[in-house]
Amino acid sequence: MALAVLLGGCWSHAYPQRERFLAPADLDPAAARRAELFVDMNGTFYPDGWRSYADRGKLKAGSLLDEALGKPGLDALIAREEARQLADIEAFARDKKRIFVLIHGFNSEIDDSEPPFDTIEAQLDLGPDDGVIRFNWDGLTGKLLGAGKIWFRATATSQLAGSRGLRRVLARIKGKQVYLISHSRGASVILSALGNPVYHRDFIARAREVAARWHGDYSALLTPPPLPDGGNRIHALMLAPAIGRIDFCDQGQQAAIVDRQPCGKLRDLGPQLASLRYTVNRGDPVLDKFIGLSGKLNPTDFGLKPEVGEAVRDEGRYCGMLGYGFREPEPFHAFRRYVRHEAFLAMLYDEDILKPGVFHPFRMVPPPGWRPCPGR
């Protein structure tokens, strides 16, 4: 009976709850400080009015560009809306000094991510000239066995959400302090936005086959142009990062990875990266894949084992990289618990973005050999 229940697990795509994005501030007072975006599994922005092309709030094809193959006019709407939303993001950020981008993990719906997003905002020292972008992506959702099934899809989905989605958002922000705050596989969204990742061998052929059917030229789907230097200082804060050393690999290592060879070179994350802080919790059951497989099946050991991050840091490729270890292993992975943990509050304090009056238990002392990033 237990096996029958387990095998009955199912999965599905995650979808936006709202119909429109980036409402003008005169129509929505919250829009003066907060913007919200949602990209699908390919990093395509959901357009205003997307539900008119959906069936009961879901796309039959699973992605916008696949859906457009059988629905005339949808591809043109997608192109118009992406251009409009990116222009709106540029206008939204123009008069801000600091931009905070909140990114959830895999197996997450809007109802799962909004409470932790609210908690983060409540703990930030937000002023009238700060802006918050809630960046939602299709990290899929699943129950029972379905939760395990979506992991392999979500690894690639997170990469495209970063390289095609978040990267285009960051390209419209110039001369700001930018704070990217992620949970779980959202760490991959950040890294993929900053530099092209390596992909799983099976995903490459499948992605090219699918993209060949879409309207327009998507030959650079897996190799989009690099993030331009907009003169920002980008700070990455990763909670329970469900990534491994391979997620830092240079795309030039793609052939070696396909041949199951080790990654010999880490990629450049660009001159705008000012710091990279992350939690380390040896008790996180999801990062441990429950049975000690954190280093296998698309590794998740970066946020589990301190030695993984220390090895990456010691290669000297990145400055400002610092792990925040839990005092004791704690058996949870939930976003809502990580955002209230003392390690996250210490991160916010060290970045000087913690709201005054919020208790912070400690300040992290960088280890020997740690080097800060130079200012701009």
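Everything numeric in this text was worked out from a predicted model, so none of it was measured.

## Considering the packing of aromatic side chains
So, point 1. Enumeration over the complete set of coordinates arrives at 14 aromatic pairs.
So, point 2. Centre to centre, the rings of Tyr46 and Trp50 are 5.1 Å apart; their planes meet at 70°, and the pair counts as edge-to-face. Accessibility classification places Tyr46 together with Trp50 in one group, the buried group.
So, point 3. Between the aromatic rings of Phe326 and Tyr338, the centroid separation amounts to 5.7 Å while the plane-to-plane angle is 45°, which identifies the pairing as tilted. On the criterion of sequence distance, the pair formed by Phe326 in the loop between β9 (321-325) and α10 (335-338) and Tyr338 in helix α10 is long-range, its members being 12 residues apart. Like Tyr338, Phe326 is buried.
So, point 4. Each member of the aromatic cluster is reached from another via a ring pair, and the members are Tyr15, Phe38, Tyr46 and Trp50.
So, point 5. Lys96 extends its terminal NZ or CZ atom over the ring of Phe92, reaching a point 4.2 Å from the ring centre.

## Quick look at unusual backbone geometry
So, point 1. Residue Arg56 is not a glycine yet carries a positive backbone phi of 55°.
So, point 2. Checked against the element boundaries, Arg56 lands in the loop between β2 (34-39) and α2 (64-67).
So, point 3. Look at Arg56 and you get exposed, because its relative accessible area is 83%.
So, point 4. Of note, Ala240 is a non-glycine position whose phi angle comes to about 45°, a positive value.
So, point 5. Mapped onto the elements, Ala240 comes out in the loop between β7 (233-239) and α8 (254-258).

## Comments concerning the state of the cysteines
So, point 1. Applying the stated criterion across every chain yields a total of two disulfides.
So, point 2. With a sulfur-sulfur separation of 1.9 Å, Cys319 is cross-linked through a disulfide to Cys373. The sign of the S-S torsion, about 100°, decides the handedness of the disulfide formed by Cys319 and Cys373: right-handed. A residue pair is termed long-range when its members are at least 10 positions apart, and Cys319 in the loop between α9 (306-314) and β9 and Cys373 in the segment after α11 (342-350) qualify at 54 residues. The pair formed by Cys319 and Cys373 is uniform in burial state, with each residue classed as buried.
So, point 3. Listing the disulfide partners of the protein by sequence rank of the bonded cysteines yields 1-2, 3-4.

Cut-offs applied
Residues numbered from 1 in each chain as written. Predicted model: local features only at pLDDT ≥ 70, side-chain atom pairs only at ≥ 80, totals over all residues. Heavy atoms only, no water. Phe/Tyr/Trp six-rings, centres within 6.5 Å; stacked < 30°, edge-to-face > 60°. Buried < 20%, exposed > 50% of the residue type's maximum accessible area, 1.4 Å probe, protein only. Helix = DSSP H or I, 4+ residues; strand = E, 2+ residues; numbered from the N terminus. Lys NZ or Arg CZ within 6 Å of the ring centre and 35° of its normal. Disulfide = S-S within 2.5 Å.

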